[in-house]
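Letter by letter, the chains look like this.
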Amino acid sequence: MAAGRHSRDSDGDEEEADEGADDAAHRAKGVAEAAAHALNPNAPPKPSKYVAVYQAIEPQCVPLLMWVLNADNQQGIEYIENALTLMAFMTNHGPAPFSAPMWQAYTSMYRAFMTFAFDYIEDVSIPFMNFVERDLQTFLTGGDQALGLSYAQMYFNVVQKVLTYESAGKRNKIVASQMLMSVLHWGRGSGWPNSGGRVDQFVAPYLQLVLGQLQTAKHISLKFSYLEGIEACIMYS
């Protein structure tokens, strides 16, 4: 923003710059809302055409998502729900395996959640689980060099942060538990149960995390969710 830079502009010029930035932010929100509306999952286009639509808009949408999910962008925070809704549509209906820019958006979503978007666990859980379901290979083998984290470790960090935060709330913890079970489900592989799965290395830490939380859970529904997670670990093994 111009107002945050060292300059000799007059107050009037700074106000105009601020108004211009606000206009840009409102336009960004409009784009996100329009895209989400146009790409409603109940819309009539055939699946093949549907994928093509998402593939065509990806170069325009991913920079918008990155802008909103940037932790240093105070204006973007206002539109995070729109961005995460668009992210859910794109990861559910777009082409897979996902492109490198889409995985960059995955990393941006992780950073946003870990820094300022903790209250949006339900919103981020859908695209996170879509990444696992539709591009498991990249999820298991890829990562972000700048963060020094694999995509799988980022995912686990999100689950762990929610489950171990005392004030996260019952509903949010159930969502995080479902994220855990999603990895175990899709990680079984096509040969399961006759052959081993693909996420063996995650079973022990996931089981340890859930067992630890089960001991302190107070709500019946939350205890049941944790028991489902334990069952998923046992079934996978």
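Preceding block: the structure.
I will try to describe carefully the structure that is included in this document. On a predicted model such as this, the values are computed, not experimentally measured, just so you know. (Residues numbered from 1 in each chain as written. Predicted model: local features only at pLDDT ≥ 70, side-chain atom pairs only at ≥ 80, totals over all residues. Heavy atoms only, no water.)

What about the environment of Phe-224?
Among the structural elements, Phe-224 can be located in helix H10 (residues 220–236). Taking the C-alpha atoms as reference, Phe-224 lies 9.0 Å from Leu-214; in sequence the two are 10 residues apart. (Helix = DSSP H or I, 4+ residues; strand = E, 2+ residues; numbered from the N terminus.)

Here's the deal with the nonpolar core
In summary, soluble globular proteins display a tendency toward joint burial of nonpolar side chains. Counting residues in each nonpolar core, the largest one holds 66 residues, and the members touching the most others are Tyr-106, Phe-128, Phe-139, Tyr-155, Leu-184 and Tyr-206. Apart from residues no more than four positions distant in its own chain, Tyr-106 is found in contact with Met-87, Phe-128, Phe-131, Phe-139, Tyr-151, Met-154 and Tyr-155. (Core = buried A, V, L, I, M, F, W, Y, C linked by side-chain atoms within 4.5 Å. Buried < 20%, exposed > 50% of the residue type's maximum accessible area, 1.4 Å probe, protein only. Contact = heavy atoms within 4.5 Å.)

Considering the side chain of Asn-157
Note on placement: Asn-157 falls in helix H7 (residues 151–164). Owing to a relative accessible area of 14%, Asn-157 belongs among the buried residues under this scheme.

Describing the packing of aromatic side chains
Scanning the entire structure with this criterion turns up 15 aromatic pairs. Centre to centre, the rings of Trp-103 and Tyr-151 are 4.4 Å apart; their planes meet at 25°, and the pair counts as stacked. One end of the pair, Trp-103, is in helix H4 (residues 100–115); the other, Tyr-151, is in helix H7, with 48 residues separating them in the sequence. Among the residues examined, Trp-103 registers a relative accessible area of 3% and is labelled buried. On the accessibility criterion, Tyr-151 (9% relative accessible area) is buried. Each ring, one from Phe-128 and one from Tyr-155, has its centre 6.0 Å from the other, and the planes form 85°; the classification is edge-to-face. (Phe/Tyr/Trp six-rings, centres within 6.5 Å; stacked < 30°, edge-to-face > 60°.)

Focus: the packing of helix H3 (residues 80–93) against helix H5 (residues 121–134)
Between H3 and H5, the shortest axis-to-axis distance is 9 Å and the interhelical angle comes to 20°. Judged by the inter-axis angle, H3 sits roughly parallel to H5. In terms of crossing hand, the pair formed by H3 and H5 is left-handed. In this structure, H3 uses Leu-84, Met-87, Ala-88, Met-90, Thr-91, Asn-92 and His-93 to contact H5, whose residues at the interface are Asp-123, Val-124, Ile-126, Pro-127, Asn-130, Phe-131 and Arg-134. For the contact of H3 with H5, the class distribution of residues is 8 nonpolar, 4 polar and 2 charged. (Axes fitted to C-alpha atoms, helices over the stretch in contact; angles between N-to-C directions. Parallel < 35°, antiparallel > 145°, perpendicular 65-115°, else oblique. Left-handed = near helix turned anticlockwise from the far one by under 90°. Nonpolar A, V, L, I, M, F, W, Y, C, P; charged D, E, K, R; others polar.)

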